[in-house]
2 protein chains.
Amino acid sequence: MNYGIGKFSRIVNISVDTLRYYEKEGLIVPKRDNVNRRQYTDHDVKWIDFIKRLKKTGMPIKDIKKYAKLRYRGNETINDRLKLLYDQRHRLKADQVELQGHINFLDEKIQTYHEMNASVEAKLESK
Amino acid sequence: MNYGIGKFSRIVNISVDTLRYYEKEGLIVPKRDNVNRRQYTDHDVKWIDFIKRLKKTGMPIKDIKKYAKLRYRGNETINDRLKLLYDQRHRLKADQVELQGHINFLDEKIQTYHEMNASVEAKLESK
DNA sequence: CCTTGACATTGAGTACACTCCAGAATTTAG
DNA sequence: CTAAATTCTGGAGTGTACTCAATGTCAAGG
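Note that the structure is a prediction, hence the values are computed from the model and not measured. (Residues numbered from 1 in each chain as written. Chains lettered and ligands numbered in written order. Predicted model: local features only at pLDDT ≥ 70, side-chain atom pairs only at ≥ 80, totals over all residues. Heavy atoms only, no water.)

K.L.:
Got a minute to help me understand helix α1 (residues 5-12) of chain A in this structure?
P.N.:
Think of an α-helix as 3.6 residues a turn; residues three or four steps apart then line up on the same face. All names here are of chain A. Turning to α1, its buried residues are I5, F8, S9 and V12. End-on, the buried residues of α1 take up no more than an arc of 105°, which puts them together on one face. Of the surrounding elements, those touching the buried residues of α1 are β1 (2-3), α2 (16-24), β3 (38-41) and α3 (42-56). Positive phi shows up at N13, right after α1, with a value of about 60°. (Buried < 20%, exposed > 50% of the residue type's maximum accessible area, 1.4 Å probe, protein only. Helix = DSSP H or I, 4+ residues; strand = E, 2+ residues; numbered from the N terminus. Arc of directions from axis to C-beta. Contact = heavy atoms within 4.5 Å.)

K.L.:
Help me understand the pairing of strand β3 (residues 38-41) of chain B, please; the structure alone is not making it clear to me.
P.N.:
The side chains of a regular strand alternate, first on one face of the sheet and then on the other. All names here are of chain B. The side-chain alternation of β3 yields one buried face, formed by R38 and Y40, and one unburied face, formed by Q39 and T41. Judged from the two bridges that link them, strand β1 (residues 2-3) and β3 form a sheet pairing that is antiparallel. If you follow N2 over to β3, its bridge partner there is T41. Strand direction decides the pairing type here: strand β2 (residues 31-32) and β3, joined by two bridges, are antiparallel. What sits directly across from R32, in β3, is R38. Count of turn residues in the β2/β3 antiparallel hairpin: five residues, of which N36 carries a positive phi of about 70°. (Pairing = 2+ DSSP bridges.)

K.L.:
Honestly, the interface of chain A and chain B in this entry has me stumped. Any pointers?
P.N.:
Often, the extent of an interface is quoted as the loss of accessible area on bringing the components together. Contact with chain A, which involves 34 residues of that partner, is made by 34 residues of chain B. Summing both sides of the interface, chain A and chain B together bury roughly 3,300 Å²; the carbon and sulfur share of this comes to 70%. Its largest share of buried area at the contact with chain B, chain A owes to R53(A), L106(A) and Y113(A), together 18% of the area lost on that side. Applying the counting criterion to the chain A and chain B interface returns two salt bridges. The tally of links from chain A across to chain B stands at 17 residue pairs in polar contact (both at pLDDT 80 or more). (Buried area = accessible area lost by both parts, 1.4 Å probe. Salt bridge = Lys/Arg side-chain N within 4 Å of Asp/Glu carboxyl O. Polar contact = N/O pair within 3.5 Å; in protein donor to acceptor, adjacent residues only side chain to side chain.)

K.L.:
Explanation requested: the protein's contact with DNA strand C in the structure shown.
P.N.:
If you check the shell around DNA strand C, you find 17 residues, and the closest are G6(A), R20(A), R38(A), Y22(B) and K55(B). Residue D17(B) places a side-chain N or O atom 3.4 Å away from a base nitrogen belonging to DNA strand C. Y22(B) is positioned such that a nitrogen or oxygen atom in its side chain is 2.9 Å from a phosphate oxygen of DNA strand C. Residue assignment for the surface near DNA strand C shows that the elements contributing at least two residues are α1 of chain A together with α2 (16-24) of chain B. When residues in the surface near DNA strand C are grouped by element, the largest group, four residues, is from α2(B). Taken together, the residues of the surface near DNA strand C break down into six nonpolar, four polar and seven charged. (Near = heavy atom within 4 Å. Nonpolar A, V, L, I, M, F, W, Y, C, P; charged D, E, K, R; others polar.)

K.L.:
Would you mind showing me how to read the pattern of salt bridges here?
P.N.:
Oppositely charged side chains are able to pair whenever their charged atoms sit close together. Residues and elements named next belong to chain B. Taken as a whole and judged by the stated rule, the model has 12 salt bridges over all chains. As a salt-bridge pair, E23 and R32 come within 3.0 Å of each other at their nearest N and O atoms. The class for E23 is buried, based on a relative accessible area of 14%. Of the residues examined, R32 reaches a relative accessible area of 34% and is grouped as partly exposed. Two residues, K65 and E25, come together in a salt bridge whose shortest N-O distance is 3.7 Å.

In short, shape yes, function no, at least from these values alone.
Encoded structure:
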């Protein structure tokens, strides 16, 4: 099944402008019909979902682009793509540790504020 | 102890331009000396460290600004500041869940690619 | 057949968080 | 005392990821 950019936009929930921007960046390059209109496929739906996911993991467009280039080159690039995924996984694991550190930091700060509040109340009490 | 912007910049490892930008945004507003030069204090060092931490947790400047405004208003605003910290902690907890989801997603994709590789090798084997 | 709507391209504009630059004043080192 | 360094302000420029506007082409519905 083929979709024009408008319909595809509604399916994947990305604006037509963004889709054209992604194309300019080489993330997704649909075929064109006889009058030069973009023809997206169901395959493209899956691909966009993957892109959306990579984006959510915080991967910048230029890295997704690298992945896209490899993908458009075919199956011989699977190991290169695997490496990119491993790298990203590695980053996310690091993010996870950092994130826990940030939560701990906030917890400490919150604790400090609670103690400040308690001491203010203690002063009021003693009046 | 007081520091000029250059020295302070070296202490907190933030460029003088960024410090002036932070001041314009109201994050940190140092006193000025008799010839209008910024005078940062040790207290400011601690405050900047806190800002850096909040930034690392992904808090946008305008939210840090809210926090800074409350802080400059004094101790009466501790509960408001506590709320901001709780909100941010809440976001980070949500990020944590999302992050795990992303890692799982990558793991699945990596798994898929490994299987593709295995099947390619199986084909080569059978030749 | 003609209007409406979807699509095309190019280029400009936006938000965020810096980053850099020009021109002036003041401070410090030699 | 002079030259170099530091700081000041205002404003322009950068990169990322869109987002919007202007202008033009094509196709299907009434």
